[in-house]
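Chain and residue survey
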Amino acid sequence: MPPVIDKDLCNYCGICYNICPQDVFIFDKKQKQVPAIAYPQECWYCGACVVDCPRGAVSLNLPLPLHIVPSPALYGPPGPEDSEALKRAADFSRSIERNSSKDGTGSGNNSGQAEDGL
Ligand code: SF4
Ligand code: SF4
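All of these numbers come straight from a predicted model, not from anything done at the bench.

**So, the overall build of the protein**
The number of helices and strands found in the protein is five helices and four strands. Walking the protein from its N terminus toward its C terminus, one meets helices and strands in the order β-α-β-β-α-β-α-α-α. Within the protein, buried positions represent 22% of all 118 residues. Put simply, 42% of the contacts in the protein that link residues at least 6 apart link residues at least 24 apart. Of the roughly 8300 Å² that the protein leaves accessible, carbon and sulfur atoms contribute 55%.

If you want it as structure tokens, here you go:
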């Protein structure tokens with residue numbers, strides 16, 4: 001689901017419009033109006049609009065596969081207590097990349113076992 005803005009909380013500051021790397025929003029700062037979600041299909045769920053909205057007016061429902069990574073849209077900006085979890089997630093991603101690049105199939109250890117048997 002693309003971002004949703006709570007019209008009762010929004011103060012028309014335009015931060016979400018300015019911060020969005022995908023230009024999902026349309027906003028005219030001369031008009032006192034809630035930004036429009038003009039290009040929802042362009043959203044890549046980075047969570048920047050959720051984190052940076054000063055009124056907590058933006059919510060985002062992530063597609064299920066994205067729930068396996070620690071997204072700021074779900075959990076807020078990482079604090080010191082989250083650093084170990086983020087490090088483990090980064091190590092896990094790197095290990096997948098390393099194993100996938102060994103044989104190009106993503107099969108990781110299976111490739112090594114086949115080579116051992118030759
Ligand atoms: S950042 Fe929040 S308060 Fe500001 S325009 Fe966007 S939704 Fe409204
Ligand atoms: S989650 Fe990221 S890409 Fe999607 S609307 Fe917000 S700032 Fe833009």
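**So, the packing of aromatic side chains**
For any pair of aromatic rings, the description rests on two quantities: the centre-to-centre distance and the angle between the ring planes. Applying the stated criterion to the full structure yields one aromatic pair. On the numbers, 5.9 Å between centres and 50 degrees between planes, the contact of Y17 with F27 is tilted. One end of the pair, Y17, is in helix α1 (residues 15-19); the other, F27, is in the loop between β2 (25-26) and β3 (36-37), and ten residues separate them in sequence. Among the residues examined, Y17 registers a relative accessible area of 34% and is labelled partly exposed. The exposure class of F27 is buried, given its relative accessible area of 13%.

Calculation rules
- Residues numbered from 1 in each chain as written.
- Chains lettered and ligands numbered in written order.
- Predicted model: local features only at pLDDT ≥ 70, side-chain atom pairs only at ≥ 80, totals over all residues.
- Heavy atoms only, no water.
- Helix = DSSP H or I, 4+ residues; strand = E, 2+ residues; numbered from the N terminus.
- Buried < 20%, exposed > 50% of the residue type's maximum accessible area, 1.4 Å probe, protein only.
- Contact = heavy atoms within 4.5 Å.
- Areas by Shrake-Rupley, 256 points an atom, 1.4 Å probe, with all protein chains shown as cover.
- Phe/Tyr/Trp six-rings, centres within 6.5 Å; stacked < 30°, edge-to-face > 60°.

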